Amino acid sequence: MRQQPTFDLRNAISNNRLVGLWRMSTGFHLTYLGATLTLGLAACCRTASYLLLRHFIDHVLGQGRSDSTLPLIALGFVGLALFQGVFTFLSGRLAAQTAEGIVLRLRNYLFDHIQRLPFAYHDRTPTGELIQRSTSDVDALRRFFADQAIGVGRILLLFGVNLAALLHLNWQLAVLSVVVMPPVVVMSVFFFRKVSKAYEAYQNQEAVLSTTLQENLTGVRVVRAFARQSYERAKFERDNWERFRRGRRLLLMHSLYWPASDVLCGAQMLVGLFAGALMVMNGAITVGTYVAYAGLVVWIIWPMRNLGRLIVQMSTGLVSYDRVAKVIREEREPLDEGAPEPTGGLRGEIVFRNVCFEYEAEIPVLKDVSFRCEPGQVVALLGSTGSGKTTLVNLLPRFYEYTGGSLTLDGVELRKYPRHFLRRQIGIVEQEPVLFSRTVRENIVYGVGRDVCEAEIESAARAAAIHDAIAAFPDGYDTLVGEKGVTLSGGQKQRVAIARILLKDPRILILDDATSSVDMETEAAIREAMKRLM
Ligand SMILES: Nc1ncnc2c1ncn2[C@@H]1O[C@H](COP(=O)(O)OP(=O)(O)OP(=O)(O)O)[C@@H](O)[C@H]1O
Ligand SMILES: [Mg+2]
């Protein structure tokens, strides 16, 4: 993999979106400059060939003789075309490198960033929303860098080069060619505002749709079990219709802009050509100048018209920048922050003193919880459903921060420990364990960051009373587990999750209803095996 320029994208956040986008492309400014300059050179080649044409018409064709410069002129045309081609290619290549490079880095950053956001963020953010922002919005940014940012440079250069050439030909004609510029800019700004709004509405609705789709796929079993397909379809169709409506409005904005700018620019060209023709008849300019003007004027109107289009399209990039920046702005959960890790490992004494916790302000879930666990002790928490057992154990690895009281581990306040350290020491088998759609082996070794031998994996699986079942699968430990572990039975899934924790061998083990789908006999066997391992 080629090394990409490293840069912390958090520094790319700015309230001014253009500044933010500029910073987002840190490390690529030179390639961007190269892409723009080569485009400018290509533009110069084309402009030069029109000037050469003028020379040819006025000084060779006009004189009605073929002199010795003819082969040189022919060579000039071929050479200019060749250089133009080479520069255009180079510019395309550099542009692709810039845009793709920027979003490659952005995508990697977003993925990593989202993984590091606190649980509380994920609790309140729909998955579809995050997927939307890391795919569709990132793609809008790619288009921004690939087409629009490069396009602006291209347009300004084309405009500049050709305006200079036109001024060189005849200044009155040159001025006449740019009078539509102010109305085109005003119109573009007007549409820019409209498109920004329409696009934002469109992206929001697309996020709603992604969430609906994603939840439906996750809950596909529930939908079928309750035979609610038509209900879900109707809901999807409603959301999709809304998206259609907003998409149609967005396209309407674009399609209103085009004809309007066409009319302006077309009228401009006609006036210019007509005035030029009059000037030829009056003898103010030569035929060669007129032909060169006719060729060049296209290349000055084109940038004006496209500048407007770019301004309008840029609004989508800017809206997407805001949507992506909103995710990047979220504070990450600091993983390594905290006092140095105790040497010699943990003993495992846990003391709760009047611990309080609330997910949302003013709605306490845990209130004044006090108890202590000695090292090596097995403690069982009993409580009715919703009483806060899962919440309580989630405090230990600092998935959530307790809001009151004191919670100490080996006499040190829990929030002084780095999260990473705690999570290495504490193993949780969750109430609804999640397995990845990888092989059984990969799932079992997931928690250990080292190479493990077959014997270790098997002994963990045996302790979790799942080895025999795995061995009976045709592919054994290489059996692919379906998404979220659905090809395994509920009990098998729990046991694979237990094997995964046992292999990790944490100092503190938390089982949150981990043996709820395991029969009593097996549960006793698992407990026995755990005692031996601990
Ligand atoms: N992420 C969350 N955000 C807000 N409230 C939550 C969240 N998770 C749980 N709660 C609420 O906190 C309370 C305690 O939930 P918790 O999952 O800890 O219960 P529990 O004792 O584990 O129940 P069970 O025996 O059913 O597993 C419940 O009222 C629940 O609605
Ligand atoms: Mg629970």
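Please read all numbers here as calculations on a predicted model, not as lab measurements.

So, how was this worked out
- Residues numbered from 1 in each chain as written.
- Chains lettered and ligands numbered in written order.
- Predicted model: local features only at pLDDT ≥ 70, side-chain atom pairs only at ≥ 80, totals over all residues.
- Heavy atoms only, no water.
- Donors = N, O, S within 2.8 Å, 3.2 Å for Na, K, Ca; no water.
- Helix = DSSP H or I, 4+ residues; strand = E, 2+ residues; numbered from the N terminus.
- Buried < 20%, exposed > 50% of the residue type's maximum accessible area, 1.4 Å probe, protein only.
- Near = heavy atom within 4 Å.
- Polar contact = N/O pair within 3.5 Å; in protein donor to acceptor, adjacent residues only side chain to side chain.
- Areas by Shrake-Rupley, 256 points an atom, 1.4 Å probe, with all protein chains shown as cover.
- Nonpolar A, V, L, I, M, F, W, Y, C, P; charged D, E, K, R; others polar.
- Pairing = 2+ DSSP bridges.
- Domains from an automatic or database assignment.
- 1 Å grid on protein atoms, 1.4 Å probe; cavity = no way out; pocket = protein on both sides within 12 Å on 5 of 7 lines; lining within 4 Å.
- Points joined across faces, edges and corners; volume = space filled by probe spheres on them.
- pLDDT = per-residue confidence, 0-100.
- Phe/Tyr/Trp six-rings, centres within 6.5 Å; stacked < 30°, edge-to-face > 60°.
- Lys NZ or Arg CZ within 6 Å of the ring centre and 35° of its normal.
- Expected span 1.5 Å × (residues − 1).
- Axes fitted to C-alpha atoms, helices over the stretch in contact; angles between N-to-C directions.
- Parallel < 35°, antiparallel > 145°, perpendicular 65-115°, else oblique.
- Left-handed = near helix turned anticlockwise from the far one by under 90°.
- Contact = heavy atoms within 4.5 Å.
- Patch = residues over 30% accessible without salt bridge, like charges linked within 9 Å, V, L, I, M, F, W, Y side chains within 5 Å.
- Salt bridge = Lys/Arg side-chain N within 4 Å of Asp/Glu carboxyl O.
- Lys, Arg positive; Asp, Glu negative; His and termini not counted.
- Charge placed at Lys NZ, Arg CZ, Asp CG, Glu CD.
- Arc of directions from axis to C-beta.

A few points about the coordination of the magnesium ion (ligand 2)
Argument step 1. All of the protein donors around the magnesium ion (ligand 2) are Thr390 (OG1) and Gln431 (OE1); their distances to the metal are 1.8 to 2.2 Å. Of the two residues, Thr390 sits in helix α11 (residues 389-395) while Gln431 sits in the loop between β5 (426-429) and α13 (440-444), which places them 41 residues apart along the sequence.
Argument step 2. For Gln431, a relative accessible area of 38% puts it in the partly exposed group.

Here we look at the site of ligand 1
Argument step 1. Taken together, the neighbourhood of ligand 1 is formed by 13 residues, with Thr385, Lys389, Thr390, Thr391 and Gln431 sitting nearest.
Argument step 2. Between Thr385 and ligand 1, the recorded distance is 2.6 Å, taken from a side-chain N or O atom to an oxygen atom.
Argument step 3. A distance of 2.6 Å is found between an oxygen atom of ligand 1 and a side-chain nitrogen or oxygen belonging to Thr390.
Argument step 4. Burial of ligand 1 by the protein amounts to 64% of the accessible area it has alone, namely 640 Å².
Argument step 5. Of the residues forming the shell around ligand 1, the biggest block, 3 residues, is contributed by α11.
Argument step 6. For the shell around ligand 1, a count of residues per class yields 3 nonpolar, 8 polar and 2 charged.

Considerations on the sheet that holds strand β1 (residues 350-358)
Paired through their backbone hydrogen bonds, the strands of a sheet run either parallel or antiparallel.
Argument step 1. One open sheet accounts for 4 strands, arranged β2-β1-β3-β4; its pairing is antiparallel. The sheet terminates laterally at β2 (364-373) and β4 (412-413), the two strands that pair on one side only.

Concerning the domain arrangement of the protein
Argument step 1. Each assigned domain of the protein is listed with its residue range as follows: domain 1 (10-329), domain 2 (345-417) and domain 3 (418-534).
Argument step 2. Taking the mean C-alpha position of each, domain 1 and domain 2 sit 55 Å from one another.

A few points about empty space enclosed by the protein
Argument step 1. If you walk through the whole model with that rule in mind, you get 1 cavity of 30 Å³ or more.
Argument step 2. Around the largest cavity, the lining residues are Met181, Val184, Val185, Ser188, Met304, Leu307, Gly308 and Ile311.
Argument step 3. Of all the elements in the fold, those that place two or more residues in the lining of the largest cavity are α7 (181-218) and α10 (287-329).
Argument step 4. Looking at the lining of the largest cavity residue by residue, the classes come out as 6 nonpolar, 2 polar and no charged.

Concerning the confidence of the model for the protein
Argument step 1. Taken as a whole, the protein shows an average pLDDT of 87; of its residues, 97% reach a score of 70 or greater.
Argument step 2. Per-element confidence in the protein is highest for β1, whose mean pLDDT is 94, and lowest for helix α17 (residues 520-533), whose mean pLDDT is 75.

Focus: unusual backbone geometry
Argument step 1. A positive phi angle is found at Asp410, which is not glycine, with a value near 50°.
Argument step 2. Checked against the element boundaries, Asp410 lands in the loop between β3 (404-409) and β4.
Argument step 3. Judged by its relative accessible area of 18%, Asp410 is buried.
Argument step 4. Even without glycine at this site, Asp505 takes up a positive phi of about 55°.
Argument step 5. Topologically, Asp505 is positioned in the loop between α16 (490-504) and β6 (508-511).

So, the packing of aromatic side chains
Argument step 1. Applying the stated rule across the entire model yields 15 aromatic pairs.
Argument step 2. Relative to Phe87, the ring of Phe83 lies with its centre 6.1 Å away and its plane at 25°, an arrangement referred to as stacked. One end of the pair, Phe83, and the other, Phe87, are both in helix α3 (residues 70-115), 4 residues apart, so they sit about a helical turn from each other.
Argument step 3. Judged by relative accessible area, Phe87 falls into the buried class, the value being 18%.
Argument step 4. Measuring from ring centre to ring centre gives 5.4 Å for Phe190 and Phe191, while their planes differ by 85°; the resulting arrangement is edge-to-face.
Argument step 5. Here Phe190 falls in the partly exposed class, since its relative accessible area comes to 48%.
Argument step 6. Phe191 sits in the buried class, given a relative accessible area of 8%.
Argument step 7. An aromatic cluster of three or more residues is present, and its members are Phe119, Phe357, Tyr359, Phe399 and Tyr400.
Argument step 8. The residue whose ring lies beneath Arg46 is Trp299, and the NZ or CZ to ring-centre distance is 3.5 Å.

Considering helix α9 (residues 229-282)
Argument step 1. In this model, α9 (54 residues) spans 78 Å end to end at C-alpha, consistent with the 80 Å of a helix rising 1.5 Å per residue.
Argument step 2. Immediately downstream of α9, the backbone of Gly283 shows phi near 80°, a positive value.

Quick look at the pairing of β2
Argument step 1. Here β1 runs beside β2; their pairing, made up of 6 bridges, is antiparallel. Bridge pairing in β2 links Phe352 to Phe371.
Argument step 2. Where β1 folds back on β2, the antiparallel hairpin that results is connected by 5 residues, among which Glu362 adopts a positive phi of roughly 75°.

Observations concerning the packing of α3 against helix α5 (residues 127-169)
A pair of packed helices is characterised by two quantities: the angle between their axes and the separation of those axes.
Argument step 1. For the pair α3 and α5, the least separation of the axes is 9 Å and the interaxial angle reads 160°. By the angle between their directions, the pair α3 and α5 is classed as roughly antiparallel. Viewed along their axes, α3 and α5 form a crossing whose handedness is right-handed. Contact residues: Ala95, Ala99, Glu100, Ile102, Val103, Leu106, Arg107, Leu110 and Ile114 in α3; Leu130, Arg133, Ser134, Val138, Leu141, Arg142, Phe145, Ala146 and Ile150 in α5.

Considerations on the packing of α9 against α10
Argument step 1. Contact pair α9 / α10: the axes reach a minimum separation of 10 Å and the direction vectors enclose 160°. By the angle between their directions, the pair α9 and α10 is classed as roughly antiparallel. In this structure, α9 crosses over α10, and the sense of that crossing is right-handed.
Argument step 2. Across the contact of α9 with α10, the residue classes break down as 15 nonpolar, 7 polar and 3 charged.

What to know about the pairing of β6
Along any regular strand, the residues point their side chains to alternate faces of the sheet.
Argument step 1. Burial along β6 is one-sided: Ile508 and Ile510 are buried, while Leu509 and Leu511, pointing the other way, are not.
Argument step 2. In terms of strand pairing, β5 meets β6 through 4 bridges, oriented parallel. Looking across to β6, one finds that Ile428 is bridged to Ile510.

With respect to a positive patch on the surface
Argument step 1. A surface patch of like charges, here positive, comprises Arg193, Lys194, Lys197 and Arg249.
Argument step 2. If one sorts the elements of the positive patch by residue count, α7 sits on top with 3 residues.
Argument step 3. Structurally, the position occupied by Arg193 is in helix α7.

Structural notes on helix α14 (residues 454-463)
It helps to recall that an α-helix has 3.6 residues per turn; residues three or four apart then point in one direction.
Argument step 1. Looking at α14, one finds that the buried residues are Ile457, Ala460, Ala461 and Ala463. Each buried residue of α14 sits inside an arc of 160° when the element is viewed along its axis, so together they form one side.
Argument step 2. Just beyond α14, the residue with positive phi is Ala465, at close to 55°.

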